[in-house]
Amino acid sequence: MSRAVVQGDWCFVSGTVGYDYNTGELPDDPAQQAMNAFANIMAALDGGGFELGHTVRVQYTLSDRAHMDAVLPVIRQHFGAIRPAATMVIADLVDERMKVEIEVTAFKG
């Protein structure tokens, strides 16, 4: 699996969870997981020559709709001015400790 794939003016970032790769930890707080996921996404975009502002589509997956109140302010902080097409899904994630997964598609043409 690739964290991100660049194809011309497009960058596809796979589902990204809230691990803090510096510490190897997954925080329990859904808002912190979302913050970490955005940091991981921004690092992947940057590595491909993109930035968060190039995002045109995003899919959020939450493990429980009860996490929405904690996660929405983090989403607004990162995408409030960008406003990509968005989908939110409530579904089980691979690890029961995971509460948030975010996938983005970016275009800079």
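Residues numbered from 1 in each chain as written. Predicted model: local features only at pLDDT ≥ 70, side-chain atom pairs only at ≥ 80, totals over all residues. Heavy atoms only, no water.

Draft legend 1. Expanded view of the nonpolar core. Judged by nonpolar contacts, the single largest core of 22 residues is most densely connected at Phe 38, Leu 45 and Ile 102. Elements represented by at least two residues in this core include exactly strand S2 (10-17), helix H1 (30-47), strand S3 (55-62), helix H2 (68-79) and strand S5 (100-107). Setting aside residues no more than four positions away along its own chain, Leu 45 makes contact with Cys 11, Val 13, Phe 50, Glu 51, Leu 52, Thr 55 and Ala 106. Among the nonpolar cores identified, the runner-up in size contains five residues, and Tyr 19, Leu 26, Leu 93 and Met 98 belong to it. (Core = buried A, V, L, I, M, F, W, Y, C linked by side-chain atoms within 4.5 Å. Buried < 20%, exposed > 50% of the residue type's maximum accessible area, 1.4 Å probe, protein only. Helix = DSSP H or I, 4+ residues; strand = E, 2+ residues; numbered from the N terminus. Contact = heavy atoms within 4.5 Å.)

Draft legend 2. Spatial organisation of H1. With 18 residues, H1 should cover 26 Å at 1.5 Å per step; its first-to-last C-alpha distance of 26 Å lies within 8% of that length. Taken as a whole, H1 has its buried residues at Pro 30, Ala 31, Gln 33, Ala 34, Asn 36, Ala 37, Phe 38, Asn 40, Ile 41, Ala 44 and Leu 45. Lining the buried residues of H1 we find strand S1 (4-7), S2, S3, H2 and S5. Directly after H1, the chain includes Gly 49, whose backbone phi takes a positive value near 85°. (Expected span 1.5 Å × (residues − 1).)

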